[in-house]
Amino acid sequence: QEITENTFGKGLVNVVAKDSSYSLNFAARFQSLFTSNWDSPDNSALENGTSNFLVRRARLKFKGFAYSPKLRYKMELGLSNRDISGASEYTHDAPRYILDAVIKWNFYENFDLWVGQTKLPGNRERIISSGNMQTVDRSLVNSVFNVDREMGVQLHHYFDLGNNVILKEAVALSQGEGRNVTRGNKGGYHFTGRAELFPFGDFDAYSGADFAREETPKLAIGAAYSHNGNAVRTESVDGDYMETETGFYETDIKTFFLDAMMKYRGVTLMAEYADRSADNPIAVDENGLPTGDVVQVGDGFNAQAAYLFKNNFEVVGRYTTIKLDEDITGVGVENQYTLGLSKYLVKHKLKVQTDLSLNDYADNLDNEVMYRLQVDIHF
Amino acid sequence: QEITENTFGKGLVNVVAKDSSYSLNFAARFQSLFTSNWDSPDNSALENGTSNFLVRRARLKFKGFAYSPKLRYKMELGLSNRDISGASEYTHDAPRYILDAVIKWNFYENFDLWVGQTKLPGNRERIISSGNMQTVDRSLVNSVFNVDREMGVQLHHYFDLGNNVILKEAVALSQGEGRNVTRGNKGGYHFTGRAELFPFGDFDAYSGADFAREETPKLAIGAAYSHNGNAVRTESVDGDYMETETGFYETDIKTFFLDAMMKYRGVTLMAEYADRSADNPIAVDENGLPTGDVVQVGDGFNAQAAYLFKNNFEVVGRYTTIKLDEDITGVGVENQYTLGLSKYLVKHKLKVQTDLSLNDYADNLDNEVMYRLQVDIHF
Amino acid sequence: QEITENTFGKGLVNVVAKDSSYSLNFAARFQSLFTSNWDSPDNSALENGTSNFLVRRARLKFKGFAYSPKLRYKMELGLSNRDISGASEYTHDAPRYILDAVIKWNFYENFDLWVGQTKLPGNRERIISSGNMQTVDRSLVNSVFNVDREMGVQLHHYFDLGNNVILKEAVALSQGEGRNVTRGNKGGYHFTGRAELFPFGDFDAYSGADFAREETPKLAIGAAYSHNGNAVRTESVDGDYMETETGFYETDIKTFFLDAMMKYRGVTLMAEYADRSADNPIAVDENGLPTGDVVQVGDGFNAQAAYLFKNNFEVVGRYTTIKLDEDITGVGVENQYTLGLSKYLVKHKLKVQTDLSLNDYADNLDNEVMYRLQVDIHF
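Just so it is clear, the model here is predicted, and its values are computed rather than measured.

Novice: Would you take a moment to explain the overall build of chain A for this structure?
Specialist: When helices and strands are tallied, chain A shows four helices and 20 strands. Taken over the C-alpha trace, chain A has a radius of gyration of 21 Å; the compact-globule value for 379 residues is 21 Å, and the two agree within 12%. Based on the C-alpha atoms only, the size of chain A along its principal axes is roughly 65 × 50 × 50 Å. Put simply, chain A has 379 residues, and 58% of those count as buried.

Here it is as structure tokens:
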């Protein structure tokens, strides 16, 4: 056994070449999750309890630079059954093992060119690593509306506008059917753009919990737009493929995101609005008859507030509402209220998180109560 | 290329942080197996020979401690097709890549809390790593009766009873449907408990071959009990799901194990008895009619004896018998006689193993002869 | 973060034990590929354009020696969806994650015994690592005729014939159904042999591009022969299984390869001829009626020439022709003309490659134009 200067939370292996020809940060991570659900008719009783033990996420991560510090790379692999699910004829009937495989080239001043598969510059919740969340998992707004990861190219840039004001922008060109697709581009291309303003200076706006206990208020406001031309899936880059007898039903799907994060003296506020629309959300076949598939159009809103105590306990409250267009999707309004508690032993690297949620379904569906408890270790 | 102080068999990477914030032992391993089978009607001839080349097992293993030496972790990944098989709707149609993902917290004196997925405290043969066996593979008793790995929580403890007498106990709470299940708990919970007595002092009772050539006889006697409440699979945590038109047939399945290991001057003796019973082993549908599924109730016994020569050759003889309840399962008695030979180049880390087995089936089925040859390398 | 003496392109981790008990070279690699295709009726227009972004290959590689420098090992894992595709009942319905898992024992002088799964000693293009190619991908000759990887044993040897003349030979015994098969050997065994002459001294004949800028002409001429006894798949070790009502149609399939590589002052020439024949290529059932499966018999030829400029740009031209027996397979002649350009930033370890191909199909099928652009990073 050898001694390393590296410490917990900085990767399992963390080296840089003496000749500056490469660096490597290799990390592993896994989450153990316990979930329990009950129906709650009339909010008066808990019935039909179910439970689930899960290795929710498990990952191997490689990142660093290669050849030159201006050329960074990242490869992230999903290991858990939830991480790698989604095999289909579009993915060569193979599990979707690769999350990220991307190189990022700082080719000129503030410009970075990204090539490969990674997260698109969509909504903030999605961009925040699942390992850096203040809650047990992302909100329903993210599940329903996010634009996930895709293979393609991205251009990232930032402006320093002076007076501590920073503007960051990114645009992406990708296929539009989601990650790990091997069967080529269906329909048209997918354009995504995001701009984000930091009016009071830069800060870590892609990680939950104000560990820095910012002395002055920090704010980030972002807007993102995804135009998925001739999209063929019901949730733009996810959901069912809208197949017809002769191919695919295609329609332009647009998703708009507006989000913000604020951190100040242990308080973190985060809010996110998402809206999906489609030119013709109801898929039809060659004869103009509905195929049964419909684009999940509608909007959603999530807001959460948290306070990090000195002892690294954090409480968080979250309100989420999803309003799909009921005439089209047949799905009524869903509201979710969540109260969470986290204990950060080593920030996000070793933590225990728990939350209790009430799902309030319109249309007289039974409401639902969900309890979750999670342990996360991240080297 | 750099020089490492580490040596073969102690992991590919084996480091501890200078600040004692973590350690890592990263290892890889693979087994190449050749198998040949023949039918042997009337034990008089060999017919219908078949053969199989296989990468039988291939693994990546990460273990060590994190944050504090009191918090240990282990993640083990299966890579071979045999390791990762078993994709089904219950595993998100994804391969079962993760074997272990567990943290072990020594929260108080002799008490350890385990959270995540790992082997349950069931029979000894199963707990012995497949890399530390004296035989090419585990016995039929293990294949038919073991309770494998599951996600959940375990509590481990040991008593030092004085006079070199040690008692180790463990209890586990899990889902009851086996490893990597993502679709939640079906039926009830699974409780497993194991107690083990070391009357003549502690020793390595979970590894085959007496490399230590114990000067005094060492003995471990264990008993384990698994109560899988409202179980839904025919082999408790494995086998077919007993589906009905409206859900699952559920019945309590209990498995009892009694096992022992003895090591002395190069001799290793190991024996194991297993018994599975079920409240109502014959699955029936809503109308009380048999669905065709039956719980594999019955018992089995395995005994093996080995001697390790000074030149690190080892001979092993094994006798196994499986007696499922023929009235219920329709399967007759199976006896297996095995003679094996191992050459340990670097203990279990680099070895060649071979064995010859005769499978003697009751009910006039043709007997079977099996020859196997295996090379195992384990960093 | 620690400092390592290792450099980019020599592995992410590259160590040797002080006691010479093992060494490890651990590397990762991924390729991002953009492909675009058009039909070109009458070679006069480009129509029906399609495109595809792909993580084409992504790999983890472990190699080195263990126990003694005479015992080398290699384990290579495929990660991309294209790498791991091919799950079937013959592979335990599991993805084919393992590419190589092999140990190589230099047991006597120039003799090496290989045990496990790795590439068979077939055609040169296949043996050249996909990471060391001068072109975006291998030729059609390789795709149609190669004998891929299998589990089994190989014996490798070389003669030093004096005067700088070297002869290398290898023979292999394997199952004949391709890699990662778990369901045992179908039909008979597969014998492969290869001999290769280096008349002007040894050189790197298994890597594209003459980075060494050989001062004197270097040449390697190889011939390989594969005899797949009672083979059951239409492309010998690949393609459809030729199933019948009661089992498999079996026929001996033979593949012959002749190949050469020459390097001199930046010029690389490579050529390859392949021919597949079968005793009875048309699969028939128990009653002698055709099942619809046919062995893909025929031959193919590939030739390519490249020049590496001083600035590490390389141009390559390639001509490929595939002539399957049209009477049997129903497939007409296909010619492919490719022009490629590579920029090697760090030899094959970091490179950008692009090519343009014209596929000329006989039988009046529309010709096809294909454009590809690839970035490859290999630690």
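Novice: Just to check I follow, could you spell out the relation of the copies chain B and chain A for this structure?
Specialist: Copies of the same chain, two in number, are related to each other by a rotation about an axis and a translation along it. For the pair chain B and chain A, the relating rotation is 120°, the translation along its axis is 0.0 Å, and the fit reaches an RMSD of 0.0 Å. The transformation relating the two chain copies, once decomposed into turn and shift, fits a three-fold axis. Of every C-alpha in chain B, the one belonging to Pro95(B) sits nearest the axis of rotation, 4.3 Å from it.

Novice: Whenever I open this one, the relation of the copies chain B and chain C confuses me. Can you help?
Specialist: Once turned by 120° and shifted 0.0 Å along the axis, chain B lies on chain C with an RMSD of 0.0 Å. The residues that chain B uses at the interface reappear at the interface of chain C in only 16% of cases, marking distinct surfaces.

Novice: Explanation requested: the nonpolar core in the structure shown.
Specialist: For soluble globular proteins, nonpolar side chains are generally found buried alongside one another. Ranked by size, the top nonpolar core spans 97 residues in total, and within it Phe62(A), Phe62(B) and Phe62(C) carry the most contacts. Dropping the residues within four chain positions of it, Phe62(A) is found in contact with Leu24(A), Asn25(A), Phe26(A), Tyr73(A), Lys74(A), Met75(A), Leu77(A), Leu12(C), Phe26(C) and Leu60(C).

Novice: Would you explain the packing of aromatic side chains in this entry?
Specialist: Centre-to-centre distance and the angle between the planes together describe a pair of aromatic rings. Taken as a whole and assessed by the stated rule, the structure comprises 48 aromatic pairs over all chains. Look at Phe34(B) and Phe53(B): their rings are 5.2 Å apart centre to centre, the planes differ by 50°, and that puts the pair in the tilted class. Separated by 19 residues along the polypeptide, Phe34(B) in strand β3 (residues 23–40) and Phe53(B) in strand β4 (residues 47–66) bring together distant segments of the chain. Looking at Phe34(B), the relative accessible area reads 22%, which means it is partly exposed. Linked through ring pairs, Phe26(A), Phe62(A), Phe26(B), Phe62(B), Phe26(C) and Phe62(C) together constitute an aromatic cluster. Here Arg124(A) stacks its cationic end above the ring of Tyr206(A), 5.2 Å away from the centre of that ring. The positively charged end of Lys168(A) is found above the aromatic ring belonging to Phe198(A), 4.4 Å away from the centroid.

Novice: Would you mind showing me how to read the interface of chain B and chain A here?
Specialist: Interface size, as often reported, equals the accessible area lost upon joining of the parts. The interface of chain B with chain A comprises 48 residues on the first partner and 39 residues on the second. Buried surface at the junction of chain B and chain A, summed over both partners, amounts to about 3,600 Å²; 70% is from carbon and sulfur atoms. Here chain B and chain A share one salt bridge between them. Note that Lys18(B) is salt-bridged to Glu5(A), the shortest N-O span being 2.9 Å.

Novice: Looking at this structure, how should I read the interface of chain B and chain C?
Specialist: Contacts between chain B and chain C engage 37 residues on the former and 48 residues on the latter. Summed over both sides, the interface between chain B and chain C buries roughly 3,500 Å², with carbon and sulfur atoms accounting for 70% of that surface. Considering only the side of chain B, the residues that lose the most area to chain C are Glu2(B), Phe53(B) and Asn81(B), jointly responsible for 21% of the buried surface there. Along the contact surface separating chain B from chain C lie one salt bridge. Where chain B touches chain C, the interface holds 20 residue pairs in polar contact (both at pLDDT 80 or more).

Novice: Mind showing me how you'd approach the pairing of strand β10 (residues 190–198) of chain B here?
Specialist: Strand residues, when the strand is regular, have side chains that alternate between the two faces of the sheet. Residues and elements named next belong to chain B. Alternating positions in β10 separate cleanly, His 190, Thr 192, Arg 194, Glu 196 and Phe 198 being buried on one face and Phe 191, Gly 193, Ala 195 and Leu 197 remaining unburied on the opposite face. Note that strand β9 (residues 165–174) and β10 share nine bridges and pair antiparallel. Counted as the bridge partner of Ala 172 is Thr 192 from β10. Bridging between β10 and strand β11 (residues 218–231) involves eight bridges; their strand directions are antiparallel. Among the inter-strand pairings, Ala 195 is bridged to a residue of β11, identified as Ala 223.

Novice: I'm lost on the pairing of strand β8 (residues 149–162) of chain B in this one. Help?
Specialist: All names here are of chain B. As paired elements, strand β7 (residues 111–119) and β8 share nine bridges and run antiparallel to each other. By the bridge assignment for β8, Val 115 is matched with Val 153. Alignment of β8 against β9, held across ten bridges, turns out to be antiparallel. By the bridge assignment, Gln 154 is partnered in β9 with Ala 172.

Novice: Just checking my understanding: could you explain a nonpolar patch on the surface for this structure?
Specialist: Residues and elements named next belong to chain A. Together, Phe 159, Leu 161, Leu 197, Ile 221, Tyr 225, Phe 256 and Leu 258 make up an exposed nonpolar region whose accessible area comes to about 590 Å². Broken down by secondary-structure element, the contributors of at least two residues to the nonpolar patch are β11 (218–231) and β12 (251–264). The topology assignment puts Phe 159 in strand β8 (residues 149–160).

Novice: In this structure, what is going on with the side chain of Thr244(B)? I would like to understand it.
Specialist: All names here are of chain B. Note that Thr 244 resides in the loop between β11 and β12 (251–264). In this structure the side chain of Thr 244 is engaged in a polar contact, spanning 2.8 Å, whose partner is the side chain of Glu 286. Setting aside residues no more than four positions away along its own chain, Thr 244 makes contact with Tyr 249, Val 284, Asp 285, Glu 286 and Thr 291.

Novice: Looking at this structure, I do not really get the environment of Gly122(B). What am I missing?
Specialist: Residue and element names in this part refer to chain B. Along the chain, Gly 122 turns up in the loop between β7 and α2 (124–127). A sequence separation of 103 residues divides Gly 122 from Tyr 225, and the C-alpha atoms of the two residues are 7.0 Å apart. Discounting residues that sit within four places of it in the chain, Gly 122 has contacts with Ile 127, Val 147, Thr 192, Arg 194, Ala 224 and Phe 257.

Novice: Could you clarify how one ought to interpret a negative patch on the surface in this entry?
Specialist: All names here are of chain A. There is a patch of like negative charges on the surface, built from Glu 89, Asp 93, Asp 240 and Glu 243. Mapped onto the fold, Glu 243 is located in the loop between β11 and β12. For Glu 243, a relative accessible area of 41% gives the class partly exposed.

Novice: Which parts of the structure should I look at to understand the pattern of salt bridges?
Specialist: Pairs can form between side chains of opposite charge once their charged atoms are near each other. Residue and element names in this part refer to chain A. Counted by the stated rule, this structure contains 60 salt bridges over all chains. Arg 233 serves as the salt-bridge partner of Asp 238, at 3.4 Å between the closest nitrogen and oxygen. Assessed through its relative accessible area of 39%, Asp 238 is described here as partly exposed. Through salt bridges that share partners, Arg 59, Lys 74, Glu 76, Asp 83, Asp 100 and Arg 149 make up one connected network.

Novice: Is there a simple way to think about the side chain of Gln304(A) in this case?
Specialist: Relative to the helices and strands, Gln304(A) resides in strand β16 (residues 298–308). Every residue in contact with Gln304(A), bar those within four places of it in the chain, is listed here: Glu125(A), Gln134(A), Thr135(A), Thr268(A), Leu269(A), Met270(A), Val316(A), Gly317(A) and Arg318(A).

Novice: Can you help me understand unusual backbone geometry in this one?
Specialist: Glycine aside, a negative phi is what most residues show, and trans is what most peptide bonds show. All names here are of chain A. For Lys 347, which is not glycine, the phi torsion reads 45° and is therefore positive. On the secondary structure map, Lys 347 appears in the loop between β18 (334–346) and β19 (350–361). With a relative accessible area of 52%, Lys 347 lands in the exposed category.

Novice: Which parts of the structure should I look at to understand the environment of Ser21(C)?
Specialist: Among the secondary structure elements, Ser21(C) is positioned in the loop between β2 (13–17) and β3 (23–40). For Ser21(C), a relative accessible area of 10% gives the class buried. Along the sequence, Ser21(C) and Asn52(C) sit 31 residues apart, while their C-alpha atoms lie 46 Å from each other. Apart from residues no more than four positions distant in its own chain, Ser21(C) is found in contact with Thr7(B), Phe8(B), Phe65(C), Ala66(C), Tyr67(C) and Ser68(C). Here the side chain of Ser21(C) touches Phe8(B) through a polar contact of 2.7 Å, landing on its backbone nitrogen.

Novice: I would appreciate a short explanation of the environment of Tyr73(C) in the present structure.
Specialist: As for its position among the elements, Tyr73(C) is in strand β5 (residues 68–78). Spatially, the C-alpha atoms of Tyr73(C) and Val102(C) are 5.7 Å apart, while their sequence positions differ by 29 residues. Beyond its immediate sequence surroundings of up to four residues, Tyr73(C) is in contact with Leu12(B), Phe379(B), Ser23(C), Leu24(C), Phe62(C), Lys63(C), Gly64(C), Phe65(C), Ala66(C), Val102(C) and Ile103(C). A polar side-chain atom of Tyr73(C) sits 2.7 Å from the main-chain carbonyl oxygen of Ser23(C).

Parameters and conventions
Residues numbered from 1 in each chain as written. Chains lettered and ligands numbered in written order. Predicted model: local features only at pLDDT ≥ 70, side-chain atom pairs only at ≥ 80, totals over all residues. Heavy atoms only, no water. Helix = DSSP H or I, 4+ residues; strand = E, 2+ residues; numbered from the N terminus. Rg over C-alpha atoms; globule rule 2.2 N^0.38 Å. Buried < 20%, exposed > 50% of the residue type's maximum accessible area, 1.4 Å probe, protein only. Least-squares fit on C-alpha atoms with pLDDT ≥ 70 in both. Contact = heavy atoms within 4.5 Å. Core = buried A, V, L, I, M, F, W, Y, C linked by side-chain atoms within 4.5 Å. Phe/Tyr/Trp six-rings, centres within 6.5 Å; stacked < 30°, edge-to-face > 60°. Lys NZ or Arg CZ within 6 Å of the ring centre and 35° of its normal. Buried area = accessible area lost by both parts, 1.4 Å probe. Salt bridge = Lys/Arg side-chain N within 4 Å of Asp/Glu carboxyl O. Polar contact = N/O pair within 3.5 Å; in protein donor to acceptor, adjacent residues only side chain to side chain. Pairing = 2+ DSSP bridges. Patch = residues over 30% accessible without salt bridge, like charges linked within 9 Å, V, L, I, M, F, W, Y side chains within 5 Å. Areas by Shrake-Rupley, 256 points an atom, 1.4 Å probe, with all protein chains shown as cover. Lys, Arg positive; Asp, Glu negative; His and termini not counted. Charge placed at Lys NZ, Arg CZ, Asp CG, Glu CD.

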